[in-house]
Amino acid sequence: MQEKAIATITTAKTSSRISKHTKGSTTITPTPAQPCADRRFIRTRRLLREAFTQLLEERGLDSFSVGDLTERADINRATFYAHYKDMGDMLLSFEDEIINTLASLGPKIKAVGVKELAKFA
């Protein structure tokens, strides 16, 4: 019987699952990387968000594809799928970002006061 040991290695950039057979070679299977504060990660997300906003204004939500989006953002299609499962996943991510931003502004809005904010409306 062949024994098998499995370990998971996680770095800031990637995550891989390594299987080492005692009587054989080592196999590395990539797993999706977790979001991190890497500048490349942040830049890619920003480019996708900007391209999405532009295409949404020009064509509407159902009138463009992932290919159109990645072409506008000037990134590889595989890069899009490294960040998101599909367009719906990307939209949910944008929604979460907006909600988190608004939640973090709550205390600041209370400190300034609603009357002060109304001046800018």
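Note that the coordinates shown come from a computational prediction; the quantities given were computed from them, not determined experimentally.

(A) Fine view of unusual backbone geometry. Phi is positive for aspartate 74, which is not a glycine, with a value near 60°. If you trace the backbone, aspartate 74 turns up in the loop between α2 (66-73) and α3 (77-83). For aspartate 74, a relative accessible area of 68% corresponds to the exposed category.

(B) Highlighting α2. The set of residues buried in α2 consists of Val66, Leu69, Thr70 and Ala73. One face of α2 carries all of its buried residues, which in axial projection span an arc of 95°. Trailing α2 by a residue or two, aspartate 74 shows a phi angle of about 60°, which is positive.

(C) Local environment of the nonpolar core. The biggest cluster of nonpolar side chains holds 15 residues, and the ones touching the most others in it are Leu48, Leu69, Phe80, Met87 and Met90. Contributions of two or more residues to this core are made by α1 (39-59), α2 and α4 (87-112). Ignoring any residue separated from it by four or fewer positions in sequence, one finds phenylalanine 80 in contact with Leu48, Val66, Leu69, Thr70, Ile75, Asp86, Met87 and Met90.

(D) Main features of α1. For α1, which comprises 21 residues, the first-to-last C-alpha distance of 30 Å matches the rise-based estimate of 30 Å (1.5 Å per residue) to within 8%. Taken together, the buried positions of α1 are occupied by Phe41, Thr44, Arg45, Leu47, Leu48, Ala51, Phe52 and Leu55. Along the axis of α1, the buried positions cluster into a sector of 160°, meaning they face one direction only. In α1, those exposed residues whose orientation departs by more than 90 degrees from the buried face are Arg39 and Glu57. Just beyond α1, the residue with positive phi is glycine 60, at close to 95°.

(E) Examining the pattern of salt bridges more closely. All told, the structure shown has 5 salt bridges when counted by the stated rule. Between arginine 40 and aspartate 38 there is a salt bridge; the shortest N-O distance is 2.8 Å. By relative accessible area, which is 25% here, aspartate 38 ends up partly exposed. Arginine 72 is the partner of glutamate 58 in a salt bridge, and the nearest nitrogen-oxygen pair spans 2.9 Å. Of the two residues, glutamate 58 sits in helix α1 while arginine 72 sits in helix α2, which places them 14 residues apart along the sequence.

(F) Representation of the side chain of serine 93 within the structure. Looking at the element boundaries, serine 93 is found in helix α4. Apart from the residues within four sequence positions on either side, serine 93 is in contact with Arg45 and Tyr84.

Conventions and cut-offs
- Per chain, residues are indexed from 1 in the order of the written sequence.
- Two thresholds apply to this predicted model, a pLDDT of at least 70 for residue-level local features and 80 or more for giving and counting side-chain atom pairs, whereas whole-chain, interface and lining totals are computed over all residues.
- Side-chain measures here rest on the full set of heavy atoms in the structure, leaving out hydrogens and waters.
- Segments assigned H or I by DSSP are reported as helices when at least four residues long, segments assigned E as strands when at least two residues long, and all are numbered from the N terminus.
- Each residue is assigned to one of three classes by its accessible area relative to the maximum for its type, calculated with a 1.4 Å probe on protein chains only: buried under 20%, partly exposed between the two thresholds, exposed over 50%.
- Comment: arc refers to directions from the helix axis out to C-beta atoms.
- Each nonpolar core is a collection of buried residues, namely Ala, Val, Leu, Ile, Met, Phe, Trp, Tyr and Cys, held together in the definition by side-chain atoms within 4.5 Å.
- Any two residues whose heavy atoms approach within 4.5 Å are treated as being in contact.
- The span one expects for a helix is its residue count, reduced by one, times 1.5 Å.
- The salt bridge criterion pairs a side-chain nitrogen of Lys or Arg with a carboxyl oxygen of Asp or Glu, the two atoms within 4 Å.

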